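Here's the letter readout for the chains.
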Amino acid sequence: MDTSFYHILPFFLSVHEINQSPKVLPNITLGYNIYQNFFTARMTYEAMMDLLSTGQENIPNYRCGRQKNLLAVLEETDSEIFGHICTVLGIYKIPQFGMEAFQCSHSRPVWSKKVWERCTEKENWEFPPNHVVARILSEDGSGIFKAIQAVALVLNAVSSSQFSKRRMLFKDHQSAQIVQPWQLQQKLRYFQLFNISRDAVYLDENGLPMADFDIMHWRMFPNASVVGVKLGSVERETSSEVKVSNNQNAIIWPTSFNKMAPSSRCTESCYPGHAKLIRKDAPVCCYDCSLCMEGTFSVQQDAAHCSKCPDDQYSNEQRNQCVRKSVSFLSYEEMLGLILAFFALVLSLITIFVLGIFIKHRETPIVRANNRDLTYTLLVSLLLSFLASLLFIGHPKKVTCFVRQTIFSVVFSVAVSSLLAKTVMVVVAFLATKPGSKMRKWLRKSLANSIVLLCSGVQVCICIIWLGIFPPFPDSDFHSQPRHILIQCNEGSVTMFYTALGYMGFLAAICFLVAFLARKLPGTFNEAKLITFSMLVFCSVWISFVPTYLSTKGKYMVAVQIFSILASSLGLLGCIFVPKCYIIILRPSMNTKEHMMMKNNEGS
C-alpha cells in the first residue's frame, strides 16, 4: 500500500471519533471529500470547481442533481496556491483551514490521469501497524483533530441555535434545515472550544487555533523504527505570554555531536550592560541588543530593560555595574582653587601696601585733594572684596553659604558708593569755585558720608530681606554632571541674588555716567577721568559675568564669580590708585601745592 496514505490517517480517525461521539453533532454525520492537486494551480482550481458544483458537470452556482453540504475546507499547500484557494473560497464565505498534515510527495503528475482522486471510508485498505499509527498521530500534534473538532463544535452550536429558533416559530412542526458555510465562518472567529479531553483550545482574532504544543525528541533505531520522547511543552498562559518548559536531561545526543545545544534564536544573547530591543513584526526570539543609557545598567544576559543607578552612583562604560560618584567642589587642594586663592592673597597684600602709602603720605596735596576719608573707605572695601573671595573656596558649609554672597554684595556696594561720592564731590567742588556759588555749603564731609551710607544701606536692606526669607544653604546636585556629586551653595532665591547684583550694577552705571560728564574738569580734579575708566572696566567684567555664570555648573560656576570679583576689584585698584602711587613714590616733585596750582591754571 502507498505509505502516503498514512499521513491522512489522523484525518480519518478524527472524523470517525467525532461521528461516534454522542456529545458532538447528535443525528448529524460528518462526511468528506479528499482531493489531490499535485501542487499545481491548475489542478487546484479544477478541484475547487468540482467541490463547489452540485451536478455532474463542474458548473458553480447551479443546483442540479446531487446535494453537497459543504461547510469547510482543510488544505495543505504552499503559500502561492493557498492564495488561489483563498480567493475562490472567499467568494462563497467558506471557512478555510491551512494544515501542516497532508505531507504528500512532490512527484510530477501523470497528465493522462484524472486530476483529482476521491477516497472514502468504504475503500479496502490495510490498517497500518500500531507503532506507525502512534507515531503518525504524535507527529500531528493534535492539529488536524482540533481543526476538525472546531468545525464540528461550531456546526453543533449553529444547528442547535437554528433548531431552537424554528421550534419557537413552528411549535412541534420540524423540518430539515441546512447550515450555510458563512454561518460557521462568522462563529469560528469568536469561538472558544474544548476538546473531549477538556484541553483548552483557543482561536485568535483571525480564527486560527492557538494551541499548546509538546516538544518531542525523535529517536531512530537501527531497525528504522522511530520513538518520540516528550522533552517539554509550549503553553500559552495569557494572550501575550508563552511559557516554555523543557527537560534537557532527557535529550540523548548523537555520539558525533559536540554536546553544545543548538541555538534556537536568530540573534546572539545580549550581554550584561545591554537590553533587548524588540524588532517590529519579528518573532520574540529575534531582537537587537541596545547598550544601556548613561545612568542605567543591567547585570544579566538578555535583560528586558536596564535598571536605574542610585542618585549617588553612575554606570561604568560597560553599563554592567554602578560606581559611586565622586564629590566635586572648588577646594584649596586642586590647582584652580589654589591659583585663585593665591591671587586673592597677593591682591590683598597689594591693597594693604597702597593703603599704607596713602596713610603715610596723608598730608600731601594729592592725597588731601581727593577726600582722604573716601579714599580710605574705598581701599578698605577693596581689601575686604579680595578677602571675601576666599569664602567661595572650600567645602560649602552652612555659615559660609549664609554670609558669602551678602558680604560680597555689601562690600562692593560700599566700594562703588565711595567712587560715586568721590565723583559727586569733584563736581560740587568745581561748581563751588565759581563766584557767588551756593555749592560751597555742600563741600562738607556730611554729603560724601550721606551718599555712601544711603547707597550702601539700600543694599544692606536687600540682603537682610534675602537672608530673612530665602537664606542660602548647602546643597547637593546629583544630576548636572553624570559622574560627580556637586556640593554647592544654593542661593535660596535666584531673584534676590540677581536683585542684589542688579542694584550693584545700577550704582556702577550712575557712577560711570557722572564721572564721564565730569572728565573734562580742570587738572586739579582730574580723578574723574580715572573713575570713568575704572567704572568702564568694572561694568565690562560684570556684564560678561552673567552669561558665563549661567553657562557653567558646579565648581566652575564658583570660579567664574571669584574671577569676576578679583578682576573688577583689581580694575578699581589699578585705574585709580596706581597713577597716584606713581606720583607719590617716583615723582614726589609733582606732589606739591605749587605744581597742582600750576596744573590748575593750565586747565583754566
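Every value quoted in this text rests on a predicted model; they were computed, and no experiment measured them. (Residues numbered from 1 in each chain as written. Predicted model: local features only at pLDDT ≥ 70, side-chain atom pairs only at ≥ 80, totals over all residues. Heavy atoms only, no water.)

1. Brief notes about the overall build of the protein chain
Looking only at helices and strands, the protein chain features 15 helices and 17 strands. Every one of the 604 residues in the protein chain was classed for burial, and the buried ones make up 38%. Residue pairs at least 24 apart in sequence account for 61% of intrachain contacts in the protein chain once pairs closer than 6 positions are excluded. Just so you have it, the protein chain exposes about 35,600 Å², and 60% of that area is on carbon and sulfur atoms. (Helix = DSSP H or I, 4+ residues; strand = E, 2+ residues; numbered from the N terminus. Buried < 20%, exposed > 50% of the residue type's maximum accessible area, 1.4 Å probe, protein only. Contact = heavy atoms within 4.5 Å. Areas by Shrake-Rupley, 256 points an atom, 1.4 Å probe, with all protein chains shown as cover.)

2. Quick word on the UniProt feature "transmembrane region" (unreviewed entry) in the protein chain
Mapped onto this numbering, the UniProt entry annotates "transmembrane region" (unreviewed entry) at residues 335–359, 374–395, 407–431, 451–470, 500–518, 530–550 and 562–586. End C-alpha atoms of residues 407–431 are separated by 36 Å, and the span's content is 100% helix alongside 0% strand. Taken as a whole, residues 562–586 contains 96% helix and 0% strand, while its terminal C-alpha atoms sit 33 Å from one another. (UniProt positions renumbered as here; feature names shortened; annotations may be inferred.)

3. Here's the deal with the pairing of strand β16 (residues 473–477)
Relative to strand β17 (residues 484–490), β16 runs antiparallel, the two being bridged by five bridges. Opposite Ser476, over in β17, you have Ile487 as the bridge partner. Joining the antiparallel neighbours β16 and β17 is a turn of six residues. (Pairing = 2+ DSSP bridges.)

4. A look at the packing of aromatic side chains
Overall, the coordinates contain 13 aromatic pairs when judged by the stated rule. On the numbers, 6.3 Å between centres and 65 degrees between planes, the contact of Trp466 with Phe497 is edge-to-face. Here Phe497 lies in helix α12 (residues 494–517) and Trp466 lies in helix α11 (residues 445–469), a separation of 31 residues in the sequence. Here the two residues Trp466 and Phe497 agree in accessibility, since each one is buried. Consider the rings of Phe512 and Phe516, whose centres lie 6.1 Å apart with planes at 25 degrees: the pair is stacked. With Phe512 and Phe516 both in helix α12 and four residues apart, this pair spans about one turn of that helix. (Phe/Tyr/Trp six-rings, centres within 6.5 Å; stacked < 30°, edge-to-face > 60°.)

5. A short note on the side chain of Ser456
Along the polypeptide, Ser456 turns up in helix α11. Setting aside residues no more than four positions away along its own chain, Ser456 makes contact with Ser413, Val414 and Ser417.

6. Some words on the confidence of the model for the protein chain
When pLDDT is averaged along the protein chain, the result is 78, and 72% of the positions lie at 70 or above. Here strand β3 (residues 193–194) stands out as the least confident element of the protein chain, with mean pLDDT 48; helix α7 (residues 335–360) is the most confident, with 94. Note on residues 100–118: pLDDT is under 50 here. Beyond four places in sequence and across chains, it has 33 contacts. Segment residues 120–124 is flagged for pLDDT under 50; beyond a separation of four residues in sequence, or across chains, it makes four contacts in the model. (pLDDT = per-residue confidence, 0-100.)

7. Details of the environment of Leu25
Relative to the assigned elements, Leu25 resides in the loop between α1 (9–20) and α2 (41–52). With relative accessibility at 4%, the residue Leu25 sits in the buried group. The spacing of Leu25 and Ala152 is 127 residues in sequence and 6.8 Å in space, taken between C-alpha atoms. With sequence-adjacent residues up to four places away left out, Leu25 is seen in contact with Ile18, Leu30, Ala152, Leu155 and Asn156.

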